[in-house]
Amino acid sequence: MIQRNMENITNVMEFEAIAREKLPKMVYDYYASGAEDQWTLQENRNAYSRILFRPRILVDVSKIDTTTTVLGYKISTPIMVAPTAMQKMAHPEGELAIARAASSARTIMTLSSWGTSSIEEVASAASGIKFFQLYVFKDRNIVEQLVRRAEKAGFKAIALTVDTPRLGRREADIKNRFALPPHLTLKNYEGLDSGSVRRSNDSGLATYVADQVDRSLNWKDVKWLQTITKLPILVKGVLTAEDARLSVQAGVAGIIVSNHGARQLDYVPATIMALEEVVRAAEGRIPVFVDGGIRRGTDVFKALALGASGVFIGRPVIFALAAGGEAGVKKAIGMLHDELELTMALSGCRSVTEITRAHVVAPWEAGSPRVAPRL
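Throughout what follows, the structure given in this document is the object of discussion. (Residues numbered from 1 in each chain as written. Predicted model: local features only at pLDDT ≥ 70, side-chain atom pairs only at ≥ 80, totals over all residues. Heavy atoms only, no water.)

A word on the side chain of Ser118
Position of Ser118 among the secondary structure elements: in the loop between strand S5 (109-111) and helix H6 (119-125). Look past the residues within four positions of Ser118 in its chain and what remains in contact with it is Leu111, Arg149, Lys187 and Asn188. (Helix = DSSP H or I, 4+ residues; strand = E, 2+ residues; numbered from the N terminus. Contact = heavy atoms within 4.5 Å.)

Here's the deal with empty space enclosed by the protein
Going through the model one piece at a time under the given rule, you end up with one cavity of 30 Å³ or more. Estimated volume of the largest cavity: approximately 40 Å³. Taken together, Val12, Met13, Glu16, Arg295, Arg315, Pro316 and Phe319 make up the full set of residues lining the largest cavity. Here the lining of the largest cavity gets three residues from one element, more than from any other, and that element is helix H14 (residues 315-347). Looking at the lining of the largest cavity residue by residue, the classes come out as four nonpolar, no polar and three charged. (1 Å grid on protein atoms, 1.4 Å probe; cavity = no way out; pocket = protein on both sides within 12 Å on 5 of 7 lines; lining within 4 Å. Points joined across faces, edges and corners; volume = space filled by probe spheres on them. Nonpolar A, V, L, I, M, F, W, Y, C, P; charged D, E, K, R; others polar.)

What to know about the environment of Phe15
As for its position among the elements, Phe15 is in helix H2 (residues 15-22). Along the sequence, Phe15 and Arg315 sit 300 residues apart, while their C-alpha atoms lie 9.8 Å from each other. For Phe15, the contacting residues outside a window of four places in its chain are Met6, Ile9, Phe319, Ala320, Ala323, Gly328, Lys331, Ala332 and Met335.

Overview of the pattern of salt bridges
In total, this model carries 18 salt bridges according to the counting rule given. As a salt-bridge pair, Arg45 and Asp299 come within 2.9 Å of each other at their nearest N and O atoms. Remark: Asp299 occurs in helix H13 (residues 297-305) and Arg45 occurs in helix H4 (residues 39-49); sequence separation between them is 254 residues. For Arg45, a relative accessible area of 26% puts it in the partly exposed group. Between Glu171 and Arg169 there is a salt bridge whose closest N-O contact spans 3.7 Å. Exposure remark for Glu171: the relative accessible area of 31% places this residue in the partly exposed category. Using a relative accessible area of 47% as the deciding quantity, one classes Arg169 as partly exposed. Taken together, the shared-partner salt bridges connect Glu93, Arg100, Glu326 and Lys330 into one network. (Salt bridge = Lys/Arg side-chain N within 4 Å of Asp/Glu carboxyl O. Buried < 20%, exposed > 50% of the residue type's maximum accessible area, 1.4 Å probe, protein only.)

Have a look at this one:
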């Protein structure tokens, strides 16, 4: 039945129903849910539907080029894989399957610090370009060890998550008393005396974060991180112009506009709504990327039109992994890529560089289209 469902899938949203059917409730809820009222979780998706196209006609689109360059690395598509934690809860091959799928698609995979496969295992699983997502723990020796291991294993950048001094209130995890299944571990911390995500009266992950993650993290620590690694640092979790300007001043290599999949502070804007403000503040000095709510190639196009240099995909990848392992992830990335290519052709864009602000109209613009009056 599952295999037949896989064959019939026509868009990435359909992977979620299969994942929900296959996964234990605690695991599905962990991946799917957001913080508190989950308003931002819905808004991350809904905001894209309010941005409309201004397609150009009579352009020769017989050849479409989706390639782009990220931090100097050429990739086949501006669609990259976001870090998601504990991927072996979704499928036995977890991070390894996603690394292979991303490498096959010639795009970038970002490995979570909280992976259930180690830096070294993921490095040896596939030859593609990989970034490493980093949480800063109170024990800075642990941070230094992880960064050095990522460097040694050939990872090309550090994605520093800056929006998690405390874990957002994810009520599904509290109800389920979320814990990492006992046969799994956070592989990157084995032997480092950093605790474990085990069952508690609350969310086991919330307890773990409270014990381990450094709440005092600030801009000085970004400078410290630059002293211990030569890898470029992306700041992940920026939502305002003010923090975009501070990121530029700090000398980081790029920004990821992110609200942590709507899992941290509820009632922050959808990332696509925050994107343009951040892009303007960065003034072209560093690239700006975006994640959150992307489910269609049309969404990717809209993000690029509003100034993103690329997008990162989270839940669609994890649900595709749960539904079909490596083949599911390949299919998900491929479908998004094909939809983007079609959107480019129908908008009159032959390359990613031809996608401009003039190709979309956003609801915050004066004179933007409203719902047509009923006649």
